[in-house]
Amino acid sequence: TKDQRDAAGICKDMQVALGDSTRSRTGAQAMSFKVNSVLPVGPVTCRLSSGQNSQCEKADKDVLHSVSRRELITQAPISAASVTAALLAWEDIFLVNPALAEGGEPRNIVITGSNSGIGFNGAKKLAAQGNHVTLACRTLAKAEAAKEAIERELGEQLKGSVTAAECDLADLSSVRGFASAWLASGAPLDVLVCNGGLQYSGDNAVRRTKDGFEITVGTNHLGHFLLTNLLLDAVELSAGPGKIVVTASEVHNPESPGGSVGPAAGLGDLRGLATNGAAFEMIDGSEYNADKAYKDSKLCNVLFTLELQRRLAARGSAVTVNCYGPGLITRTGFFRNQQPVFVKLFDFATNDIFHVAETVDGGGDCLVYMVNSSDLNGRGGLYYNNGLAPLGKHSFKELAPSVESQNEAEAAMLWEYSAKLVNLS
């Protein structure tokens, strides 16, 4: 029957989506602004934990041979005991408890995609710490609903402020409107978190942004590319100095557990952009595949992070740019565009059977760590990943990004194509 065929496809696709794994723990912050005006809130006493708390535990390297997460998922039958044993065998894993930001000054923080998932979770924690957080969301209605939810959930624990704003990454006019409003306010932007994103894995119908770009790369990469470049002057005003944080994913790396399942990320010679311009379907010019498009968009995120850091350093800027993979997180709205039955089965398998998924809370902690950790002060061009650790836990630590993401010539070429597509002078 059709249901049986769908179920068979779901079982096959489940291993495709078993990507990321990431994590850490911390708090939250906030700020406020309407569509055409940005009104930073005045100084607020910031109650932050000072000093760094980074206790590490190392997995026992002698228990068993190292096993990849993909092997855990794809080999069957798998008993709970064998999964536990394999997790215990993971080599060179450290469990890190991230520090809160040091110092008492509240910061202006913009987080895209902050009406749900780790963006919402991180925004709430950062607002609770005393920061002014702007929720830059696809619609003003979504941002206002998230603002109300944060204020309601935190109550008296809200030590900073939260602002609702529209910034639709799939509409460059919306991105420009958001950036113009912020710049007109004259407010410094201490931290920009490029977190918003979407995927249509499993559905190979080509969708497009308002400006005609393939929607996955158009939203996840090009929208953030323009937003970041437009807001750089405001980030430079930060006394911090300023930080830019990009939410990427381990699936950008074909050698990672998530990136090794299904079609691998890879931009090739960027033939799709060179040949088709804004009408591209895949950056490498290959046949459209929604799963690969998502992985490619995450590769673009890392290439962009490293290239922007190089450009900032070359001009003597103190602003730093870093990216991270928050882990495989199924219990958010991120999988809203996928087949509902698949999402339910996948969620059950990853959370309740194999215990390889990260929680929204854990992913939010990763975001907060990237914003707050003093370990990252003055350090840019880094990739942190939330990988699987023993006993179903996660380890958030600095890792080398994929080989391709370190290709400086490719990064410079992607930058030039991106600048032309978004009409960045």
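Predicted model only: the values in this text are computed from it and were never measured.

*Asks:* Provide a residue-level description of the overall build of the protein, including the pertinent values.
*Replies:* When helices and strands are tallied, the protein shows 12 helices and eight strands. When burial is assessed residue by residue, the protein has 55% of its 425 residues classed as buried. Summarising the internal contacts of the protein: among those between residues at least 6 apart in sequence, 80% fall at separations of at least 24. Accessible area of the protein: about 17000 Å², with a carbon and sulfur share of 51%.

*Asks:* Give a detailed account of the sheet that holds strand S6 (residues 320-325), specifying residues and quantitative values.
*Replies:* Taken in spatial order, the eight strands of this open sheet run S3-S2-S1-S4-S5-S6-S7-S8, and their pairing is mixed. A strand with exactly one partner marks an edge of an open sheet, and here the two such strands are strand S3 (161-166) and strand S8 (394-399). When the angles between neighbouring strand axes are averaged without regard to direction, this sheet yields 20 degrees. Where strand S7 (residues 382-388) lies against S8, six bridges are found, and the strand directions are antiparallel.

*Asks:* Report on the pairing of S3, specifying residues and quantitative values.
*Replies:* Most of S3 is tucked away, with five of its six residues classed as buried. As defined by bridge partners, strand S2 (residues 132-137) adjoins S3 across six bridges and the pair is classed as parallel. Across the sheet, Leu135 pairs through a bridge with Ala164, a residue of S3.

*Asks:* Hey, could you go over the pattern of salt bridges for me, with residue numbers and the actual values?
*Replies:* Should the charged atoms of two oppositely charged side chains come close, the side chains can pair. In the structure shown here, the tally under the stated rule is 15 salt bridges. Asp284 is the salt-bridge partner of Lys292, the closest N and O atoms lying 3.1 Å from each other. Residues Glu416 and Arg311 are paired through a salt bridge, measuring 3.3 Å at the closest nitrogen-oxygen approach. With Glu416 in helix H12 (residues 408-421) and Arg311 in helix H9 (residues 290-314), this residue pair connects regions lying 105 residues apart in the sequence. The class for Glu416 is partly exposed, based on a relative accessible area of 42%. Three or more residues are tied together by salt bridges with common partners; here these are Glu307, Arg310, Arg311 and Glu416.

*Asks:* Go over the pairing of S2 with me, naming the residues and quoting the values.
*Replies:* With respect to burial, S2 is a largely interior element, six of its six residues being buried. Judged by which residues are buried, S2 turns out to be covered on both faces: His132, Thr134 and Ala136 on one side and Val133, Leu135 and Cys137 on the other are all buried. Pairing geometry for strand S1 (residues 108-112) and S2, over five bridges, is parallel. Bridged to Ile109 within S2 is Val133. A crossover connection joins S2 to the parallel S3 through helix H5 (residues 140-154); in handedness this β-α-β unit is right-handed.

*Asks:* How would you summarise the side chain of Glu307 if you had to cite specific residues and measurements?
*Replies:* Positionally, Glu307 belongs in helix H9. When sequence neighbours within four positions are dropped, the list of residues in contact with Glu307 reads Glu408, Ala411, Ala412 and Trp415.

*Asks:* Please provide a residue-by-residue account of the packing of helix H4 (residues 117-128) against helix H11 (residues 360-372), values included.
*Replies:* Where H4 contacts H11, the two axes come as close as 8 Å, and the packing angle between them is 55 degrees. Classed by the angle they form, the pair H4 and H11 counts as oblique. Along this stretch, H4 crosses H11, giving a crossing that reads as right-handed. Of the residues in H11, those in contact with Gly117, Ile118, Gly119, Asn121, Gly122, Lys125 and Leu126 of H4 are Val360, Asp361, Gly363, Gly364, Asp365, Leu367, Val368, Val371 and Asn372.

*Asks:* Give a detailed account of H11, specifying residues and quantitative values.
*Replies:* Between the first and last C-alpha of H11 there are 18 Å, a value that for 13 residues agrees with the 18 Å anticipated at 1.5 Å per step. Counting buried positions over the 13 residues of H11 gives 11, a clear majority of the element. Buried within H11 we find Gly362, Gly363, Gly364, Asp365, Cys366, Leu367, Val368, Tyr369, Met370, Val371 and Asn372.

*Asks:* Residue-level account of unusual backbone geometry, with values.
*Replies:* At the junction of Gly240 and Pro241, the peptide bond is cis and its omega measures out at -5 degrees in the coordinates. Counting through the fold element by element, Pro241 comes out in the loop between helix H7 (215-236) and strand S5 (243-247). The backbone phi angle of Asn423 is positive, close to 60 degrees, even though this residue is not glycine. For Asn423, the location among the structural elements is in the segment after H12. Residue classification places Asn423 among the exposed residues on the basis of a relative accessible area of 63%.

*Asks:* Before we move on, could you go through H9 and cite the residues and values that matter?
*Replies:* Its 25 residues give H9 an end-to-end C-alpha distance of 36 Å, which sits within 8% of 36 Å, the value for a rise of 1.5 Å per residue. Along H9, 21 of the 25 residues are buried, which leaves the element largely enclosed by surrounding structure. Two or three places before Asp291, at the opening of H9, Asn289 has a side-chain oxygen 3.0 Å from that residue's backbone nitrogen. Positioned one or two residues after H9, Gly316 has a phi angle of 80 degrees, which is positive.

*Asks:* Mind laying out the environment of Gly155, listing which residues take part and the relevant values?
*Replies:* The topology assignment puts Gly155 in the loop between H5 and S3. Residue class for Gly155 comes out partly exposed when judged on its relative accessible area of 40%. Through-space distance from the C-alpha of Gly155 to that of Ala128 is 9.4 Å; in sequence the pair is 27 residues apart.

*Asks:* For the packing of H7 against H12, give the residues involved together with the corresponding values.
*Replies:* Running from N to C, H7 and H12 point in directions that differ by 85 degrees, and their axes come no closer than 10 Å. One way to sum up the angle between H7 and H12 is to call them roughly perpendicular. Between H7 and H12, the residues in contact are His221, Leu222, Phe225 and Asn229 and Leu414, Trp415, Ser418, Ala419 and Leu421, respectively. Considered class by class, the residues forming the contact of H7 with H12 number six nonpolar, three polar and no charged.

The rules behind the values
Residues numbered from 1 in each chain as written. Predicted model: local features only at pLDDT ≥ 70, side-chain atom pairs only at ≥ 80, totals over all residues. Heavy atoms only, no water. Helix = DSSP H or I, 4+ residues; strand = E, 2+ residues; numbered from the N terminus. Buried < 20%, exposed > 50% of the residue type's maximum accessible area, 1.4 Å probe, protein only. Contact = heavy atoms within 4.5 Å. Areas by Shrake-Rupley, 256 points an atom, 1.4 Å probe, with all protein chains shown as cover. Pairing = 2+ DSSP bridges. Axes fitted to C-alpha atoms, helices over the stretch in contact; angles between N-to-C directions. Salt bridge = Lys/Arg side-chain N within 4 Å of Asp/Glu carboxyl O. Right-handed = clockwise from strand over helix to strand, strands pointing away. Parallel < 35°, antiparallel > 145°, perpendicular 65-115°, else oblique. Left-handed = near helix turned anticlockwise from the far one by under 90°. Expected span 1.5 Å × (residues − 1). Polar contact = N/O pair within 3.5 Å; in protein donor to acceptor, adjacent residues only side chain to side chain. Nonpolar A, V, L, I, M, F, W, Y, C, P; charged D, E, K, R; others polar.

Any functional reading would require information that these geometric values do not contain.
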